Amino acid sequence: MVNLTIDDAIEAERILCARSFAYFVKRAWPHIIPDPLVWNWHMDAICEHMQALHAGDIPSNRLLINVPPGASKSTLVGVMYSAWLWGPAGEPWHRYIGVAHEQGLAVRDNRLTRELVQSEWYQARWPFSLKGYQNEKLYFENDARGFRHACAIASITGRRGHTIGIDDPLSPEKAHSETHRETALRVMAETIPLRLNDPANSSIVMVMQRLHERDPAGYVLSDGLGYEHLLIPMEFEPDRRVHTCIGWTDPRSDEGELMFPERFSEKVVERDK
């Protein structure tokens, strides 16, 4: 039997986290999320597509993820991914702009990411420091000039990022307002593409629940903007099954089969519907 030292165990974990974004999420989760992690296949799907986006396996560098509320989309895309890029992916210089329909939500994810990268667990594996004069709730920067910036979708100006993560660019309350929809669509069309650090290689990922036929997700799909589409509805609909460019398809087979019955049972889904 080989007895691993603490340093050996840390190095093994560093290697596994670099190979798999999903593995990193599972290891990092308890350091910022108080609730026990209950893993589900849809989380694997999101992680696989985020890792493919980083690897350049999504040719357009554009990814749209449609999942129901409560699917941990903000934690995976908005919090864990930027921390994974800085550490396991070996890109401490990476500049990530996190966008939401309101600044408070973007700030929430900024705070959680900062808590994670400053945690004892993370620093023991991927040590770096945050600059004291650039360590604020809306913006923090590390010693390799990588940063994470939080902003509302209506105020995304100034900085440019290697990745722009858009989490719910339109609120359910405002989805039926033509004015608010048009504002979100205008920003998607005219502002977001200009905030990329490298127009040819930088990435945009948008994750949201569908709210309206002409919401931002509907816009990027109907106008042919080249977004790879990961669609995971709460209840399976065979005629809406997607096949993505990385070879993924919804694993369910029966119409109405639930996405995450351990968390969203049939009783819960029917009640909320």
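Use the structure listed above.
**Student:** Explain the packing of aromatic side chains residue by residue, including any values.
**Tutor:** One pass over the structure, following the stated rule, counts 14 aromatic pairs. Here tryptophan 86 and phenylalanine 128 contribute two aromatic rings whose centre-to-centre distance is 5.4 Å and whose plane-to-plane angle is 85 degrees, an arrangement assigned as edge-to-face. Taken together, the residues tryptophan 86 in helix α4 (residues 73-86) and phenylalanine 128 in the loop between α6 (120-125) and β3 (130-135) connect sequence positions 42 residues apart. Of the two residues examined, tryptophan 86 and phenylalanine 128, each falls in the buried class. Ring geometry for phenylalanine 260 and phenylalanine 264: centres 6.4 Å apart, planes at 65 degrees, overall edge-to-face. By the ring-pair criterion, three or more aromatic residues cluster together here, those being Phe24, Trp86, Trp121, Tyr122, Trp126, Phe128 and Phe140. One residue, lysine 26, lies across the ring of tryptophan 39, its end atom 4.7 Å from the ring centre. Here the guanidinium or amino end of arginine 159 rests over the ring plane of tyrosine 139, the centre of that ring lying 3.7 Å away.

**Student:** Report on the nonpolar core, specifying residues and quantitative values.
**Tutor:** Grouped together as the largest cluster of nonpolar side chains are 54 residues, with contacts concentrated most on Phe21, Phe24, Met50, Ile65, Met80, Leu116 and Tyr122. When contributions to this core are tallied by element, the ones reaching two or more residues are α2 (21-28), α3 (41-55), β1 (62-66), α4, α5 (103-117), α6, β7 (203-208) and β8 (228-231). Ranked by the residues each element gives to this core, the list is headed by α4, at 9 residues.

**Student:** An account of α5 is requested, with residue identities and associated values reported.
**Tutor:** End to end, α5 covers 21 Å across 15 residues, agreeing with the expected 21 Å (1.5 Å per residue, within 8%). Within α5 the residues assigned to the buried category are Ala106, Val107, Asp109, Asn110, Leu112, Thr113, Arg114, Leu116 and Val117.

**Student:** Explain unusual backbone geometry residue by residue, including any values.
**Tutor:** Of note, asparagine 61 is a non-glycine position whose phi angle comes to about 60 degrees, a positive value. As for its position among the elements, asparagine 61 is in the loop between α3 and β1. Phi is positive for serine 72, which is not a glycine, with a value near 65 degrees.

**Student:** Let's hear about the side chain of lysine 131: which residues, and what values?
**Tutor:** Among the structural elements, lysine 131 can be located in strand β3. With near-sequence residues (within four places) excluded, lysine 131 lies in contact with Glu141, Asn142, Asp143 and Arg145.

**Student:** Account for the pattern of salt bridges, naming residues and giving values.
**Tutor:** Between side chains of opposite charge, pairing is possible as soon as their charged atoms come close. Tallied over the full model, the rule gives 14 salt bridges. With a shortest N-O distance of 3.0 Å, arginine 108 and aspartate 109 are connected by a salt bridge. Given a relative accessible area of 32%, arginine 108 falls into the partly exposed group. Salt-bridge contacts for glutamate 115 lead to arginine 111; the nearest nitrogen and oxygen are separated by 3.0 Å. Here arginine 111 and glutamate 115 lie together in helix α5, a separation of 4 residues that amounts to about one turn. Classification of glutamate 115 as partly exposed rests on a relative accessible area of 38%. Judged by its relative accessible area of 39%, arginine 111 falls in the partly exposed class. It is possible to trace a salt-bridge network through shared partners that takes in Glu13, Arg27 and Arg125.

Rules used in this analysis
Residues numbered from 1 in each chain as written. Predicted model: local features only at pLDDT ≥ 70, side-chain atom pairs only at ≥ 80, totals over all residues. Heavy atoms only, no water. Phe/Tyr/Trp six-rings, centres within 6.5 Å; stacked < 30°, edge-to-face > 60°. Helix = DSSP H or I, 4+ residues; strand = E, 2+ residues; numbered from the N terminus. Buried < 20%, exposed > 50% of the residue type's maximum accessible area, 1.4 Å probe, protein only. Lys NZ or Arg CZ within 6 Å of the ring centre and 35° of its normal. Core = buried A, V, L, I, M, F, W, Y, C linked by side-chain atoms within 4.5 Å. Expected span 1.5 Å × (residues − 1). Contact = heavy atoms within 4.5 Å. Salt bridge = Lys/Arg side-chain N within 4 Å of Asp/Glu carboxyl O.

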